[in-house]
Amino acid sequence: MTTEPSAGLSETGALLRLQAWFSPAFPVGGFSYSHGLEAALEAGWIGDLDGLVDWLASDLAEGTLRSEAILFLRAHRETGAGDRAALAETAGLAAALRGSAELALESSQQGSAFLATLRAVWPAPALDALVALLAARGLPASLAVAAGAACAAHGIAAEQGLACFLQGTLANLVSAALRLGLLGQTDGQRALARLEPAVAEAVAAALAADPEDLGSAGLLVEIATLVHETQYSRLFRS
Amino acid sequence: MSAATSRSDLPGPEQGATGDADLQRAAGAARVVLRRGPAGPALAVLEQKSPCRALLPRVEGRSAAEVVFVNTAGGVAGGDRLAWGFEASGAITARATSQAAEKLYRALDRPALIETRLSASDGALLEWLPQETIAFDGARLARATTLELSGGARATALEWLLLGRAGHGETLCRGALRDVWRVRRDGRLLWADNLRLEGPVAALAARRALLGGAGAVATLIHVAESGLEPLVEALRERLYGFAGVTAGVGALPGLLLCRLLAREAAALRAAVVEALAVLRGLVPGAGPGLPRVWSS
């Protein structure tokens, strides 16, 4: 049995869905990806809790996650407006805006799994339209675009949706750092607590940004995922 | 293009003060089209509008030609608009470089717009190998490089950016830099890249996940439909562990990407020269040596 598309979703209803979709338990395979953390630890670019918090906060404010946030918002707005031409452009840009094969895989594999699960459990016509649009153009589903479109399709506000999307991304990366032995459980939660203001700032900055001003200074994150391709021993796919 | 509309938190001019729009600003363009002629590379189109110039191509052997683009203004400032165009078609190697490093001076309130349109078709190998761009304190840049390929053409393209000139005591503290790439094959977007350094550039560059303390950045791509893996392996072998440089090399669908970060401009230059030597050795038809003007 599936739920109905959610016209008039209550605030609590929206919260429950966001909690499910961006939880580490949501079956998108997020546990396989470290977004460069595995290589950054190996290279000694991150050495402790402070280093991890600084790395993730930088990536969120000025790096690769800044672009992901803007892609999320573009997809949210274009889905809400039913602007298929603009959504196709955003999806094409999201697919091409990748600093390594691993980052491309991380986004596309999770993006397609996210859409598949949503369509099975929380279907909405706008999600069918997105999948059809991607197939027609031979484009992969990028996670940020899929997530932004899903929130709009279910009437969930961009601000709450983006905050939960970014928080879920960080929770997954902190969990990767735990499994890499950088932190213990409590320090993992400390990292997330310390990143709360960075998430709130990133959401506000993305909402205020010109949607055309996609961009990142996160070159070391990208280089980490390039170097990771030849790392000797790997737990993660990025 | 998108980069031109970007926002900035740099202070604008005071009310009633002079802005970049009030000053005499450059609006130049130069475009060169090379085609395969009966005797090798032939000049099909040469368009120039001051301060942009293109020196007539120097033919190297039977199939290669090198064009040198010149900004006779000697640098760019806020509000300047420069457009470079370089197109190649047919079985030729068409290389373009710049006569000197491009200097980005302090802007009042507007970015310098630099638009570079590159196109390669019908089996051509295009090489876009400009000298470095040097951004001084307060510089604003919106640069958009588009590379269109069709008909089995290939391309090698480079951009490298120095944040100030530490060796001359000229540091860049603040700025607004956008360097945007779009690469298309047969009209399809293969790769997009938006480097964005906004506001406290020196502080951003120092952060670990961003430039990790580097003051010099290079992006080198080679676009080809096949044969990328040996190039990736050779570049990794020569560049991983290169003195003073952090390198990342990998293949994406239809192109090879090489990123280089260095604290010192000299180390970056050495790594760029090394990377080009690797490509020269392995890319069939690659132009000979480094561009001649690089050494001067």
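What counts and what doesn't
Residues numbered from 1 in each chain as written. Chains lettered and ligands numbered in written order. Predicted model: local features only at pLDDT ≥ 70, side-chain atom pairs only at ≥ 80, totals over all residues. Heavy atoms only, no water. Helix = DSSP H or I, 4+ residues; strand = E, 2+ residues; numbered from the N terminus. Buried < 20%, exposed > 50% of the residue type's maximum accessible area, 1.4 Å probe, protein only. Contact = heavy atoms within 4.5 Å. Areas by Shrake-Rupley, 256 points an atom, 1.4 Å probe, with all protein chains shown as cover. Rg over C-alpha atoms; globule rule 2.2 N^0.38 Å. Buried area = accessible area lost by both parts, 1.4 Å probe. Salt bridge = Lys/Arg side-chain N within 4 Å of Asp/Glu carboxyl O. Polar contact = N/O pair within 3.5 Å; in protein donor to acceptor, adjacent residues only side chain to side chain. Nonpolar A, V, L, I, M, F, W, Y, C, P; charged D, E, K, R; others polar. Axes fitted to C-alpha atoms, helices over the stretch in contact; angles between N-to-C directions. Parallel < 35°, antiparallel > 145°, perpendicular 65-115°, else oblique. Left-handed = near helix turned anticlockwise from the far one by under 90°. Phe/Tyr/Trp six-rings, centres within 6.5 Å; stacked < 30°, edge-to-face > 60°. UniProt positions renumbered as here; feature names shortened; annotations may be inferred. pLDDT = per-residue confidence, 0-100. Lys, Arg positive; Asp, Glu negative; His and termini not counted. Core = buried A, V, L, I, M, F, W, Y, C linked by side-chain atoms within 4.5 Å. Pairing = 2+ DSSP bridges.

This part takes up the overall build of chain A. For chain A, the count of helices and strands is eleven helices and zero strands. Start at the N end of chain A and walk to the C end: the helices and strands fall as α-α-α-α-α-α-α-α-α-α-α. With the C-alpha coordinates aligned to their principal axes, the bounding extent of chain A is approximately 45 × 35 × 35 Å. Taking all 238 residues of chain A together, the buried fraction comes to 59%. A separation of at least 24 residues holds for 82% of the contacts in chain A among residues at least 6 apart in sequence. Element-wise, carbon and sulfur atoms account for 56% of the exposed surface of chain A, whose accessible area totals about 9200 Å².

This part takes up the overall build of chain B. Within chain B one finds three helices and 18 strands. Relative to the 2.2 N^0.38 estimate, which gives 19 Å for 296 residues, the radius of gyration of chain B is 19 Å and therefore close to what a compact globule would have. Expressed as lengths along the three principal axes of its C-alpha atoms, the size of chain B is roughly 60 × 45 × 40 Å. Classification of the 296 residues of chain B by burial places 56% in the buried group. Residue pairs in contact within chain B that sit at least 24 positions apart in sequence constitute 72% of those at least 6 positions apart. Accessible surface for chain B amounts to roughly 11700 Å². Of this, 50% is attributable to carbon and sulfur atoms.

On the chain B side, the residues contacting the 38 residues of chain A number 36 residues. Here chain A packs against chain B, burying approximately 3100 Å² in sum over the two surfaces, 57% of which is carbon and sulfur. Summed over the shared surface of chain A and chain B, the number is six salt bridges. Joining chain A to chain B, the criterion identifies 17 residue pairs in polar contact (both at pLDDT 80 or more). For the side of chain A that touches chain B, the elements supplying multiple residues, two or more each, are helix H3 (49-62), helix H5 (84-96) and helix H11 (219-228) of chain A. Sort the elements by how many residues they give to the side of chain A that touches chain B and H11(A) lands first, with seven residues. For the side of chain A that touches chain B, the residue count by class is 17 nonpolar, ten polar and eleven charged.

Looking now at the packing of helix H4 (residues 64-80) of chain A against H5(A). Residue and element names in this part refer to chain A. One way to put it is that H4 packs onto H5 with a least axis distance of 9 Å and a crossing angle of 160 degrees. Here H4 is positioned roughly antiparallel relative to H5, judged by the angle of their axes. By crossing handedness, the relation of H4 to H5 is classed as left-handed. Residues Leu71, Arg74, Ala75, Glu78 and Thr79 of H4 form the contact with H5, whose participating residues are Ala86, Leu87, Glu89, Thr90, Leu93 and Ala94. By residue class, the composition of the contact of H4 with H5 is six nonpolar, two polar and three charged.

Turning next to the packing of aromatic side chains. Residues and elements named next belong to chain A. All told, the structure shown has 14 aromatic pairs over all chains when counted by the stated rule. Between Trp21 and Phe114, the ring centres sit 6.4 Å apart and the planes meet at 90 degrees, which makes this aromatic pair edge-to-face. Here the residue Trp21 occupies a position in helix H1 (residues 11-21), and Phe114 occupies one in helix H6 (residues 101-121), the gap between them amounting to 93 residues. For the pair Trp21 and Phe114, one class covers both residues: buried. Between Phe72 and Phe165, the aromatic rings sit 5.3 Å apart at their centres with planes inclined by 25 degrees, giving stacked as the arrangement.

Bringing the UniProt feature "transmembrane region" (unreviewed entry) in chain B into the picture now. In the numbering used here, UniProt assigns the feature "transmembrane region" (unreviewed entry) to residues 239-262 of chain B. Measuring from the first to the last C-alpha atom of residues 239-262 of chain B gives 12 Å, for a span that is 4% helix and 67% strand.

So, on to the packing of helix H7 (residues 125-137) of chain A against helix H8 (residues 143-153) of chain A. Residues and elements named next belong to chain A. Where H7 meets H8, the axes come as close as 8 Å, and the angle between the chain directions of the two elements is 150 degrees. Relative to H8, the element H7 lies roughly antiparallel. Residues Ala126, Leu127 and Leu130 of H7 touch H8, and the partners they reach there are Ala146, Ala149, Ala150 and Ala153. Its residues assigned to classes, the contact of H7 with H8 shows seven nonpolar, no polar and no charged.

Here we take up the confidence of the model for chain B. Residues and elements named next belong to chain B. Looking at chain B as a whole, its pLDDT mean stands at 91, while 93% of the residues score no less than 70. In the predicted structure, residues 1-9 sits below a pLDDT of 50 and forms 27 contacts with residues beyond four places in sequence or in another chain. Across the whole predicted complex the pTM is 0.94, and at the interface the ipTM reaches 0.94.

Residues and elements named next belong to chain B. Here Glu102 shows up in strand E7 (residues 102-104). Of the buried charged residues, Glu102 lacks a salt bridge, with Arg143 as the closest side chain of opposite charge at 7.1 Å. Each residue touching Glu102, except ones within four places of it in the same chain, is listed here: Asn71, Gly75, Val76, Leu82, Trp84, Glu132, Thr133 and Ile134.

So, about the nonpolar core. Counting 138 residues, the largest nonpolar core has A:Trp21, A:Leu52, A:Trp55, A:Phe114, B:Phe69, B:Phe86 and B:Ile221 as its most contacted members. Not counting chain neighbours up to four residues away, the residues in contact with A:Trp55 comprise A:Leu37, A:Ala40, A:Trp45, A:Ile46, A:Leu220, A:Val221, B:Arg208 and B:Ala209. Core analysis: the next-biggest nonpolar cluster, separate from the first, contains 41 residues, B:Ala224, B:Phe242, B:Val272 and B:Leu276 among them.

So, about the pairing of strand E4 (residues 64-71) of chain B. Residue and element names in this part refer to chain B. Where burial is concerned, most of E4 is hidden: eight out of the eight residues are buried. Of the two faces of E4, both are covered, the one formed by Ala64, Glu66, Val68 and Val70 as well as the one formed by Ala65, Val67, Phe69 and Asn71. Pairing of strand E3 (residues 52-60) with E4 involves seven bridges; the strand directions are antiparallel. Pairing of Glu60 across the sheet is with Ala64, part of E4. In textbook terms, the turn of a hairpin is the stretch between consecutive antiparallel strands, and for E3 and E4 this stretch comprises three residues, one of which, Gly61, has a positive phi near 75 degrees. One ladder, built from six bridges, connects E4 with strand E6 (residues 93-98); its direction is parallel. Considered in E6, the bridge of Phe69 is made with Ser98.

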